[in-house]
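# Architecture and fold: a report
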Amino acid sequence: FFWAGVTWFEQVLQSDRSLRHDPSQSLVAALTEAYLIGRKWQVPTQFEFSGGRVIVDSPRNRVLLGFDDARLAEVLARGPERIKTLALNRHEQAALQLREGENWQPLDRLLWRAGLLQSQGRLPVGVDLKRPVYLKHWPNLTRVQRTPHAMRVAALWATRGAGLVETAELLKIPQRHVFAFYSAALAADLVTEDGSS
């Protein structure tokens, strides 16, 4: 299965675009960006797109969707859309207090779920299959939607890290489960490739 240092599977991944997905211009990327900006500056953020308005309150680990949560898979399937994240100003932050009774949901759970839904067992574009992957910290697997073998993948990546294909081989599990876990962890900003945690 090796040809000039490249496995058969790597050749297939490079040639078959249906095995990859591009999260860079998607709701998942916008959610992750809003989360990271909000976490860095300790302020709620927001963005608007064709599906509605989304408010991300990183300091309180919550999100308010401007569309019905049941439509998340449909919204993710729409494809690329350029979305700009903005920090809420003081007036908007004060108005947030009036929205306490609305349908807020845990941000980490939504990021994880959105990463899973967008992945569908595929791998993000540009990811090196051989480069070791580590976890920054352990995911809260009691709150997020579990993928098959999630505990085993998390344990491997938390202790020593491994490439994506290597993970599937070491744990003797289907690659699609590793790819799904990776995409969910990537959306939730839990993945690092340098071993930092």
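The structure we're discussing is the one just above.
Residues numbered from 1 in each chain as written. Predicted model: local features only at pLDDT ≥ 70, side-chain atom pairs only at ≥ 80, totals over all residues. Heavy atoms only, no water.

Moving on, we get to the nonpolar core. If you look at the biggest cluster of nonpolar residues, it comprises 52 residues, and the most contacted ones within it are Leu-31, Phe-47, Trp-112, Trp-157 and Leu-164. Ranked by the residues each element gives to this core, the list is headed by helix α8 (residues 175-187), at 8 residues. Beyond its immediate chain neighbours, meaning those up to four positions away, Trp-157 contacts Val-133, Tyr-134, Leu-135, Ala-162, Leu-164, Thr-167, Val-178, Phe-181 and Tyr-182. Within the second largest apolar cluster, 5 residues are counted, among which are Ile-55, Leu-64, Leu-88 and Trp-104. (Core = buried A, V, L, I, M, F, W, Y, C linked by side-chain atoms within 4.5 Å. Buried < 20%, exposed > 50% of the residue type's maximum accessible area, 1.4 Å probe, protein only. Helix = DSSP H or I, 4+ residues; strand = E, 2+ residues; numbered from the N terminus. Contact = heavy atoms within 4.5 Å.)

As a further point, take the pairing of strand β6 (residues 62-65). Taking every second residue as pointing to the same face, both faces of β6 are buried, with Arg-62 and Leu-64 on one and Val-63 and Leu-65 on the other. Connecting the antiparallel pair strand β5 (residues 52-57) and β6 is a turn made up of 4 residues, with Asn-61 showing a positive phi of about 50°. Both β6 and strand β8 (residues 105-106) contribute to a ladder of 2 bridges, which runs antiparallel. Of the residues in β8, the one forming a bridge with Val-63 is Gln-105. (Pairing = 2+ DSSP bridges.)

Moving on to the sheet that holds β5. With antiparallel pairing, the 5 strands of this open sheet are ordered in space as β7-β4-β5-β6-β8. Strand pairing shows two members of the sheet lacking a second neighbour, β7 (86-87) and β8, which therefore form its edges.

Time to look at the environment of Phe-47. Tracing the sequence through the fold places Phe-47 in strand β4 (residues 45-49). Taking the relative accessible area as the measure of exposure, Phe-47 reaches 1% and is therefore buried. Sequence separation between Phe-47 and Gly-66 is 19 residues, and the spatial gap between their C-alpha atoms is 10.0 Å. Dropping the residues within four chain positions of it, Phe-47 is found in contact with Leu-27, Ala-30, Leu-31, Ala-34, Gly-52, Arg-53, Val-54, Val-56, Ile-83, Lys-84 and Thr-85.

Moving on: α8. Taking 1.5 Å of rise per residue, 13 residues should cover 18 Å, and α8 covers 18 Å from first to last C-alpha, within 8% of that figure. For α8, the set of buried residues is His-177, Val-178, Phe-179, Ala-180, Phe-181, Tyr-182, Ser-183, Ala-184, Ala-185 and Ala-187. Count one or two residues on from α8 and you reach Asp-189, which has phi positive near 55°. (Expected span 1.5 Å × (residues − 1).)

For the rest of this paragraph, the subject is the packing of helix α6 (residues 150-159) against helix α7 (residues 164-171). Each pair of packed helices can be summarised by the angle the axes make with each other and by the distance between the axes. Remark: α6 packs on α7, axes separated minimally by 11 Å, with the N-to-C direction vectors making an angle of 120°. Taken as axis vectors, α6 and α7 run oblique relative to one another. Between α6 and α7 lies a crossing of right-handed hand. Every residue of α7 that contacts α6 at Arg-152, Val-153, Leu-156 and Trp-157 is listed here: Leu-164, Thr-167, Leu-170 and Leu-171. Looking at the contact of α6 with α7, its residues break down into 6 nonpolar, 1 polar and 1 charged. (Axes fitted to C-alpha atoms, helices over the stretch in contact; angles between N-to-C directions. Parallel < 35°, antiparallel > 145°, perpendicular 65-115°, else oblique. Left-handed = near helix turned anticlockwise from the far one by under 90°. Nonpolar A, V, L, I, M, F, W, Y, C, P; charged D, E, K, R; others polar.)

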